Amino acid sequence: MKAIDKFILHVVHNLFPLNEYSVGEMQRLITQFKEEAEDLNIQVSDEQLKKYIERFDTLKNNPKVIDKDLRKYSLSKLIKLVTSSPGVELPNEEEEDQTPDVVYNDNGITIWNGAKQGNCITYGASQRMPGGSKWCITEPGGSYFGRYRYGSGYNYPTFYLAKNSNLSDSDKLSFVSLQTLDNGEYKFTNRENSPGMEGPFSWEQLLSKVPWLRGIPNLKNTLKYIPFSKSEKEKEVFKNNPISIKQWMKEPFNIKKQYLLIRAGSSQLFSDASNELFISKYLPQYSQIATMIAGTTGIINIEVLMKYLDKFSKQDQLSIAKQIRNKFNLSVLDGDYSFDLKKYLVKTDKIAIDPEQRIYVTKDGQAIVLLTLGDNIKVGVYTEDDEYPNIKLNKRTAKYLLEYPELDKIPFKILIDLVSEDVIDKSLVDKVIENAKNDPNSAIIVKDVNGTDILLDSNAFVSYKIENGKITKIPFDSEEVQQVLNDSKDNEGLQTNVIRMLDQQYIPETVDRDGFLSIVKAIPYSKRITNDSRIIMTTDDPNISMFSMDPNNIYNLRPNYIWGDTNGNWRRRSGGDYLDNAAAWQSYFTYLRSINRSYNSNELYRILRTDTFGAGGISAKSAFIRASPPISDDNMYRPVMNGDTALLINVADPRASFKVSENSGKLVKANVPAALARQLTGQGQPAAAQAAAQGGNVVRRGRPAGQPNAPQPAAAPAAAGNLSLTTIANQSNLTTGFNSLPLSILRKFNAGGRQIPVANNRGASARNNILGNAGRVMAVYEFGPSSVYIIRTPNDGPGGLQTIASIVAQPGNSHYIVTNNNAYPLGSPRDLLQALQQRNLAEIHQYLVNEYMGRNPEHLTEFKELLRKHINEKKK
């Protein structure tokens, strides 16, 4: 090989290697960077520098790396580049520092490594002088060591304990605590700890303060700064102290990630930079860390991420959107976000809209359409290139409206008006009507009532009659509409629109109160859950039409919202702070009983002892007790009212009872006499008296004992009172069944009912004779000419009817059976037994279906299809 060729190879391999650095070039670079590290007091090993150089050799081929010549890089610039992604971590970086406990021991001088608290305690125990005080870092169990070692305000010192046995113990410099700070400065504390910690000093200043240190060879390397181990950073430093953004940028990639995870949720991640500055200025340099932040909930507040969404890649923007829990304002459609993100927010229902608005993405994905419903419909179109918030609606632009995948969720009146304005064809309205007839869950409900189609629009709760192609508006509370409602109470579209309205601030004026409340009552409890996970309850109180409660927290007895006010405005929703209405509590307790939930002794005591009722205080607790909350069979307490005093009676030891203080509302001790306790709770009374107290009205049959041939005593006079049907329904656990009655029937049982004796009542006797062994009338209630008969049946099967009601509504002589979940018309009381037997079988079937669907809600679509096939086969 010629000499010139050898020279070229030497240059290529040693000065400008193509794939890796030569041994000689590597060593020259390490020496260059190590000198810079020493000048800047940066702790870095030869092995770490080699990793940095090798990583740069890989990264320099990236187009984003402009400067390819490593010789032009400073150490800080190199560290910043190579730690922006994984690749420079050392295998042993998680190991603890290996500095020995004794770093110097010669000529009567000993220096101990105090970077570990145990060493400070062990080797610093003898430093005290007579009249002196111990260094706080040497106290066992103390927190001072960690406060200094891991405190950013103290520059994270490395401690050393230095003792010169050649000096007298009375010399305060014979034993000193030395600190090497992370910024290259030093501090020390003398043996007397007086005047305390001194410094910071430069190296020469430290030697002048403690002159005997000058005699120790290679002392500066001996008193080196010991960086934190990975576990120390995680457990002590990062958790309690934010570091500077520049320090974070120097850390290895995996430490950068770990720091952010440990500091997640902090309002300021770094000591010298806000989260917004970090996101907008520094994070774009670290694409992999940006992806981690985008995909990990809680590291940085979602509002901050959304504000600087343009700093993230499109894929990361979608990841951030998945973190969103709360809905965003419509202005997000005008923001500088990717169109894919906007479509994602629309499709996942992450944009808050008004009750009169509908928003959707067109089928081809080219536009977002915002409909604003009202007297004049407004259409807004948003595309990737521009926004058109109010386009003119005509035959050509109607395509955007017709793209809406759920036309049945547009108020029917708007569709009619658009037909009359020649914007859409009448055939579209006819198609919506036809689809509604065949879809049991359409938001527009069409039913045949006595040969006429009745249309109920649950979007606006407006009703229509369709005759000979003509559509006429009819009252919402008419008999035909109420029958449609009763037949459609399981309609999912209807239920969804009811809950949607309840999630808004105000129910529209077009909605009829009685009709709307009857729908809410008919919706199963499991479907009455609003967007904030509250369950809706109804009442018969004129001032409180509805209220919402948290069904998952038995101790939270403050309603989230209350509908209604003292002016009778039942549509208005306001924040609810307390309930002092017994009728409202009865409604809630009916729900608890339906899910077999009752209060045990501890829960009942805790509820009445603590402030769980909000601002209602005494009145709320009294109303709670008056409504007879469900309690467990083994409950040692009975909540009762003694006049206006709310009591929690201990049935085992009445003298250890409690009462709600009439002054403070707190639960205080009450010494209740045993006789009063029995009277108030019904415990220990004779059987007949106890039965009477429970409303059973038990009357002895035949002649009274001890009175041969004596006539039977006359029945007790009718009890006067002002009973409501709601109270009777709650007591009998028949609330859902009574709510299923047509509104026209329910109106015949307004407040003013009274209980009358069962004995000698012709209606009760007739029903007992018809039923035979199949049931007995236990109570009778009169509402003017109308009557309610509460019947107990012996059937205890899963679908059996333990308690039912037989009612007769006058005028009109309408008869119904009321079960625990429905109501069924009867021709006359003579059909009671046959209807009961048939209904029992039907209840069992319904029980089995409900049980299966309750456990397998994901099979709903499959189950419906199976049921349709079965019905079609039966028709053949």
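This structure is a prediction, so every number in the text was calculated from the model and none was measured.

(A) Just the environment of Pro-405, in detail. Relative to the elements of secondary structure, Pro-405 occurs in the loop between helix H17 (398-402) and helix H18 (412-420). For Pro-405, a relative accessible area of 60% translates into the label exposed.

(B) Structural view of unusual backbone geometry. Residue Ser-194 is joined to Pro-195 through a cis peptide bond whose omega torsion reads 15 degrees. Within the secondary structure layout, Pro-195 lies in the loop between strand E5 (186-189) and strand E6 (198-201). Residues Gln-810 and Pro-811 are joined by a peptide bond in cis, for which omega reads -5 degrees. Mapped onto the elements, Pro-811 comes out in the loop between strand E26 (803-809) and strand E27 (814-818). Positive phi, close to 55 degrees, is recorded for Asn-596, a residue that is not glycine. With respect to the helices, strands and loops of the structure, Asn-596 is situated in the loop between helix H23 (582-594) and helix H24 (601-609). Note on Asn-596: relative accessible area 74%, which makes it exposed. Even without glycine at this site, Ser-628 takes up a positive phi of about 55 degrees. Relative to the elements of secondary structure, Ser-628 occurs in the loop between helix H25 (617-626) and strand E19 (637-642).

(C) The arrangement of helix H16 (residues 339-347) in detail. Inspection of H16 places Phe-339, Leu-341, Lys-342, Lys-343, Leu-345 and Val-346 among the buried residues, and these make up the whole buried set. At the exit of H16 stands Asp-349, carrying a positive phi of roughly 55 degrees.

(D) Layout of the confidence of the model for the protein. Per-residue pLDDT for the protein averages 79, and the proportion of residues at 70 or more is 83%. Confidence drops under pLDDT 50 across residues 4-19; counting only partners more than four residues distant or on other chains, this segment forms 16 contacts. Counting interchain partners and residues more than four positions distant, the pLDDT-below-50 stretch residues 796-800 has eight contacts.

(E) How the structure looks around the sheet that holds strand E12 (residues 452-457). Strand order in the open sheet formed by four strands is E11-E12-E13-E14, and the pairing between neighbours is antiparallel. Two strands bound the open sheet, and with one partner strand each, they are strand E11 (444-449) and strand E14 (470-474). Each strand axis lies, on average, 30 degrees off the axis of its neighbour in the sheet, ignoring direction. In this sheet, E14 lies alongside strand E13 (residues 462-467) in antiparallel orientation, the contact comprising five bridges. Note on E14: the bridge partner recorded for Ser-463 is Ile-474. Across the sheet, H18 is in contact with E11, E12, E13 and E14; its angle to E13 comes to roughly 50 degrees. Helix-sheet contacts for helix H20 (residues 479-487) involve E11, E12, E13 and E14, and the interaxial angle to E12 is about 70 degrees.

The rules behind each value
Residues numbered from 1 in each chain as written. Predicted model: local features only at pLDDT ≥ 70, side-chain atom pairs only at ≥ 80, totals over all residues. Heavy atoms only, no water. Helix = DSSP H or I, 4+ residues; strand = E, 2+ residues; numbered from the N terminus. Buried < 20%, exposed > 50% of the residue type's maximum accessible area, 1.4 Å probe, protein only. pLDDT = per-residue confidence, 0-100. Contact = heavy atoms within 4.5 Å. Pairing = 2+ DSSP bridges. Axes fitted to C-alpha atoms, helices over the stretch in contact; angles between N-to-C directions.

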